[in-house]
Amino acid sequence: MGRSYFVEEAVGQYLSDFSTKPKACVTGLLIGQCSPQRDYVILAIRTPPRGEQNESNKNYPKLADIDEEWVTGHASQLSRMLPGGLLVLGVFIVAAPELAKDIQNALRKLVFSVEKSIGKKRLWNFAEEEVSDRVALHLCSATKKILCRTYDMQDPKSSAKPADWKYQSGLSAFWLSLECTINVNIHIPLSATSVNYELEKNTRNGLTRWAKQIEEGVFLINGQAKDDDAELLEGQKKSSRGNIQHSIQPFDVKVLTQLSQSSGHRSTATVQVCSGSINLKGAMKCRAYIHNNKPKVKDAIQALKRDIINTLSDRCEILFEDLLINEAPEKKNSEREYHALPHRAFASIAGSNVMLCDYKFGDETAGEIQERFFEMLDQVVHGEAIHIAEEINIVDINPPVDNTDDTQQMQLTKATLLLKFQQNIGVVIAAAVAIFAVAFSFNYFSD
């Protein structure tokens, strides 16, 4: 028996709207969450049109015109906007019946390409027991008939398996959320800082080591360490009908990581010759969502762990992309530079308790954030629906006083790169809830 997909009713209406153009071929992504018993689809998002496509020709006239690279690029960008617990579950195509013969080949190719593209940037791996199936959905624009199949991403030669597609109203209206503010203090040695791709490579290696510490950390939910196999809602108050009374308040999570090894533990540290270093210090606001169908503690914690890892990795990646695009060619060997890392902004989804996120540089306006949400999600997000989780402070450019001579400086280091979070706490008196504001700064030293 195949997997069952429980789908938000709004997704069905969204897909049906594309059938008004029977000759069009529309591609897009399906967003949701996997669980051992069933999968949940809370969003369908059409692939945005390319820049050269005008408003009257947003869709592909035939399957051969589908731009695989453009679809996978959209998936990679969109994956950054997903908090912990949410994944790109698969792809969909809305097409005319005369294309049905070749539609499954196109879907198969897309679903594997999308998963491969997203997986390249992950700093964590799926566990063996996790669901590895991804969905490929075909909606006939003439009959509105749906064909839902899945493919096993761990087996490139896997054949399509049938799956159930069931609509449900208010699917994620009462999903549970977990939040934490995690302090980070990461030191990453750099073997080279001459070009940005070397800098990014070294940073990724350092973040990979840090990610392992997060994976091994202890997570306290509302101040308590809970058994992994326990239900997250265990001990919650029930109504007179025996149902759990869901609280709108998120679960507060504290993260404890190992600071140092015991004296009796043999170290495997090695000496590395490096030309610089990166230091990440400060705090991050992280968030994850979990379905409300008897969720396990281990699944909720796992979702939050991955959000912690993803959000730091994504911020660094976005910054490097910005540097490559906007770096001035005449700027060489400057003594010190400051670059602000993007901070996080959340936007709510209509009819859902789930919020998606984006990353905002300090000079970007609210209108630019709204425009990017519309481009990536194909949904209008109003300004009041956007919540800034982190404020960015003014970055001071203050080169350090160098009291060493040139010989000593060359012996010590050729370049030092400092990537620093400046933590700022803003207190808002509203139901006695404190919101932590965070700022990031990026310092670059070279000889």
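The structure reproduced in this document is the subject of the present report. Just so it is clear, the structure is predicted and the values come from calculations on it, not from any experiment.

### Quick word on the sheet that holds strand S8 (residues 164-168)
1) Next: Judged by pairing direction, the sheet is mixed, and its eight strands sit side by side in the order S7-S6-S5-S4-S2-S3-S1-S8 without closing on themselves. Only two strands of the sheet have a single neighbouring strand rather than two, namely strand S7 (161-162) and S8.
2) Next: Pairing geometry for strand S2 (residues 26-34) and strand S4 (residues 87-95), over seven bridges, is antiparallel. Residue pairing in the sheet places Ile31 in a bridge with Val88 of S4.
3) Next: Docked against the sheet, helix H1 (residues 9-17) engages strand S1 (4-8), strand S3 (39-46), S4, strand S5 (133-140) and S8, running at close to 30° with respect to S3.

### Details of the pattern of salt bridges
1) Next: Under the criterion given, the structure shown has 17 salt bridges.
2) Next: When the shortest N-O distance is used, the salt bridge between Arg80 and Glu321 registers 2.7 Å. Here Arg80 is found in the loop between helix H2 (68-79) and S4, whereas its partner Glu321 is found in helix H5 (residues 297-326), with 241 residues between them in sequence.
3) Next: Residue Glu321 is classed as partly exposed on the basis of its relative accessible area of 30%.
4) Next: Here the salt bridges share partners, and the residues they tie into one network are Arg80, Lys121, Glu317 and Glu321.

### Some points on the nonpolar core
1) Next: In terms of nonpolar packing, the biggest core is built from 95 residues, with Ile93, Trp210, Leu304 and Ile308 touching the most fellow members.
2) Next: A total of 13 residues in this core trace back to one element, the largest contributor, which is H5.
3) Next: Excluding its chain neighbours within four sequence positions, the residues that come into contact with Leu304 are Leu178, Cys180, Phe219, Val253, Cys286, Arg287 and Ala288.
4) Next: Of all hydrophobic cores here, the second largest spans 20 residues; its members include Val7, Leu15, Phe92 and Leu139.

Thresholds applied
- Residues numbered from 1 in each chain as written.
- Predicted model: local features only at pLDDT ≥ 70, side-chain atom pairs only at ≥ 80, totals over all residues.
- Heavy atoms only, no water.
- Pairing = 2+ DSSP bridges.
- Helix = DSSP H or I, 4+ residues; strand = E, 2+ residues; numbered from the N terminus.
- Contact = heavy atoms within 4.5 Å.
- Axes fitted to C-alpha atoms, helices over the stretch in contact; angles between N-to-C directions.
- Salt bridge = Lys/Arg side-chain N within 4 Å of Asp/Glu carboxyl O.
- Buried < 20%, exposed > 50% of the residue type's maximum accessible area, 1.4 Å probe, protein only.
- Core = buried A, V, L, I, M, F, W, Y, C linked by side-chain atoms within 4.5 Å.

So, to be careful, I would describe these as geometric facts and stop short of saying anything about function.
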